[in-house]
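Observations on the three-dimensional arrangement
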Amino acid sequence: MGDMEPTTSYGKLLDSKFFLYGLIIAGASFWGVSFFATTIALKYLEPMQILAARWLIAMMIFLCLVFFKIIKVNFKKGYKKILIVAGLFQPCLYSIFETNGINMTTTSESSIFISTVPIFVLIIGSIVLKTRPSKTIIFAILLAFIGLAFCMLFSPNFSVGGKIWGYIVLFGAILVGASYTHISNEVQKNYTTMELTFTIAMMGGIFFNSINFLMGYGVDTYVECFSNSTLLIAIVFLGALCSC
C-alpha cells in the first residue's frame, strides 16, 4: 500500500483545480513573454537561426524524456499522415510566419494579432466544418476585427508599403494556427497530446536545423547562442518553456 501513495498523491495533484489553474496561468504568461523573448533574440540572430536553436532545444528535451522513460510515446497506431500534416502546420509553417511577423512589426502588435487565433478557429470551423457560431461569437469576431483595424491604422509606424507586409505575414500565422487547431483535434482521436507534442518537437528540430545549414548559417548559430548570455536565456526560454 505504501508504494501506491506517491502515485495517488501525484494523481490528486494533477486533478487539483488549483494545479490546473496554475498551469493555465503559467502557459498564458509564457505565451505572452515569448513575443518579448523573440524580439530580444532577433537583435542577435536571423529568424531562421532562432527557430533552429529554439526547436533544437525542444527536440533534445523530448528525446531525453523518452530515453529516460519519463514519458512514453507509441506511433504504431496508424493515421501517421494526419500526424505529419499537423507537424508541418505547427511548428514548421506557423513558426516561420510568427517569427518573421514579429521581426517586421512590434512585440505588442504581433501579440495582439496572434491573440485572435481562437476567433479564426471559429471562422474556419464555420466555413469548413459548417458549425454555426452564436450571435455573441459573431459579435466578438466583429469586435476583434475592429480592434485589429485600429491597431494597424493608429500604429505610429503604420504605412501601406512598410509594416503592412508584417501584418500580412502575421495574418498568415493566424490562419495556419487556426487550421492547426482543427487538424490537432483530428490527430488526438488516435494519438495522445504528449505524442503530438513529441512529433512537433522532432519535426521542428529536424526541419529548422536542416534549413539553418542549407542557408549557410551552420554551427555559427549555436556558437552565437553560447557567446551571449542574454541571447542564450531568450533561446532557452523559447525552446524549453514555449515549444514543449
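Being a predicted model, the structure only gives us computed values, none of them experimental.

1. With respect to the overall build of the chain
Within the chain, the secondary structure is distributed over 11 helices and 0 strands. Listing the helices and strands of the chain from first to last along the sequence gives α-α-α-α-α-α-α-α-α-α-α. Classification of the 244 residues of the chain by burial places 39% in the buried group. Nonlocal contacts in the chain, meaning residues at least 24 apart in sequence, comprise 84% of its contacts between residues at least 6 apart. Summed over its atoms, the accessible surface of the chain is roughly 14100 Å², and 72% of this surface lies on carbon and sulfur atoms.

2. Let's talk about the pattern of salt bridges
Any two side chains of opposite charge can pair, so long as their charged atoms come close to each other. Counted according to the given criterion, the structure contains 1 salt bridge. Between K189 and E186 there is a salt bridge, and its shortest N-O distance comes to 2.9 Å. The exposure class of K189 is exposed, given its relative accessible area of 60%.

3. Side note on helix 3 (residues 47-67)
Given a rise of 1.5 Å per residue, 21 residues ought to cover 30 Å, and the 30 Å separating the end C-alpha atoms of helix 3 matches this to within 8%. Within helix 3, the full set of buried residues consists of P47, M48, Q49, I50, L51, A52, A53, R54, W55, A58, M59 and F62. Looking one or two residues beyond helix 3, the residue adopting positive phi is K69, at roughly 60°.

4. Quick notes on a nonpolar patch on the surface
Nonpolar side chains collect at one region of the surface, where F139, L143, I146 and F150 lie side by side and expose about 440 Å² of accessible area between them. For L143, the location among the structural elements is in helix 7 (residues 135-153).

5. Topic: the packing of aromatic side chains
Each aromatic ring pair is specified by the distance between its two centres and by the angle formed by the two planes. One pass over the structure, following the stated rule, counts 10 aromatic pairs. Between F75 and Y191 the ring centres are 6.0 Å apart and the planes differ by 35°, which places this aromatic pair in the tilted class. Here Y191 lies in the loop between helix 8 (164-187) and helix 9 (193-214) and F75 lies in the loop between helix 3 and helix 4 (80-104), a separation of 116 residues in the sequence. For F75, a relative accessible area of 24% puts it in the partly exposed group. On the basis of an interplanar angle of 0° and a centroid distance of 5.3 Å, the ring pair of F113 and Y167 is categorised as stacked.

6. Some remarks on the environment of F113
Position of F113 relative to the elements: it lies in helix 5 (residues 107-114). Along the chain, F113 and E98 lie 15 residues apart, while their C-alpha atoms are 9.9 Å from each other.

7. Concerning the packing of helix 4 against helix 8
Running from N to C, helix 4 and helix 8 cross one another at 160°; their axes reach a closest spacing of 8 Å. Considering their axes alone, helix 4 and helix 8 lie roughly antiparallel with respect to each other. Relative to helix 8, the crossing made by helix 4 is left-handed.

8. Looking at the packing of helix 3 against helix 11 (residues 229-241)
Put simply, helix 3 and helix 11 touch, their axes get as near as 8 Å, and they point 50° apart. Compared by their axis directions, helix 3 and helix 11 come out oblique. In this structure, the crossing between helix 3 and helix 11 has a hand that is right-handed. Where helix 3 abuts helix 11, its residues I50, A53, R54, I57, A58 and I61 lie against I235, V236, L238, G239 and A240. In terms of residue class, the contact of helix 3 with helix 11 is built from 9 nonpolar, 1 polar and 1 charged.

9. Concerning the nonpolar core
Within the largest apolar cluster, 28 residues are counted, with the highest numbers of intra-cluster contacts made by I50, I114 and I235. Residue assignment for this core shows that the elements contributing at least two residues are helix 2 (17-41), helix 3, helix 4, helix 5, helix 6 (117-128), helix 8 and helix 11. At 6 residues, the largest contribution of residues to this core is made by helix 8. Membership of the second largest hydrophobic core comes to 21 residues, among which are W55, M59, A86 and L196.

Each value, and the rule that gives it
Residues numbered from 1 in each chain as written. Predicted model: local features only at pLDDT ≥ 70, side-chain atom pairs only at ≥ 80, totals over all residues. Heavy atoms only, no water. Helix = DSSP H or I, 4+ residues; strand = E, 2+ residues; numbered from the N terminus. Buried < 20%, exposed > 50% of the residue type's maximum accessible area, 1.4 Å probe, protein only. Contact = heavy atoms within 4.5 Å. Areas by Shrake-Rupley, 256 points an atom, 1.4 Å probe, with all protein chains shown as cover. Salt bridge = Lys/Arg side-chain N within 4 Å of Asp/Glu carboxyl O. Expected span 1.5 Å × (residues − 1). Patch = residues over 30% accessible without salt bridge, like charges linked within 9 Å, V, L, I, M, F, W, Y side chains within 5 Å. Phe/Tyr/Trp six-rings, centres within 6.5 Å; stacked < 30°, edge-to-face > 60°. Axes fitted to C-alpha atoms, helices over the stretch in contact; angles between N-to-C directions. Parallel < 35°, antiparallel > 145°, perpendicular 65-115°, else oblique. Left-handed = near helix turned anticlockwise from the far one by under 90°. Nonpolar A, V, L, I, M, F, W, Y, C, P; charged D, E, K, R; others polar. Core = buried A, V, L, I, M, F, W, Y, C linked by side-chain atoms within 4.5 Å.

These values are about where atoms sit, not about what they do.
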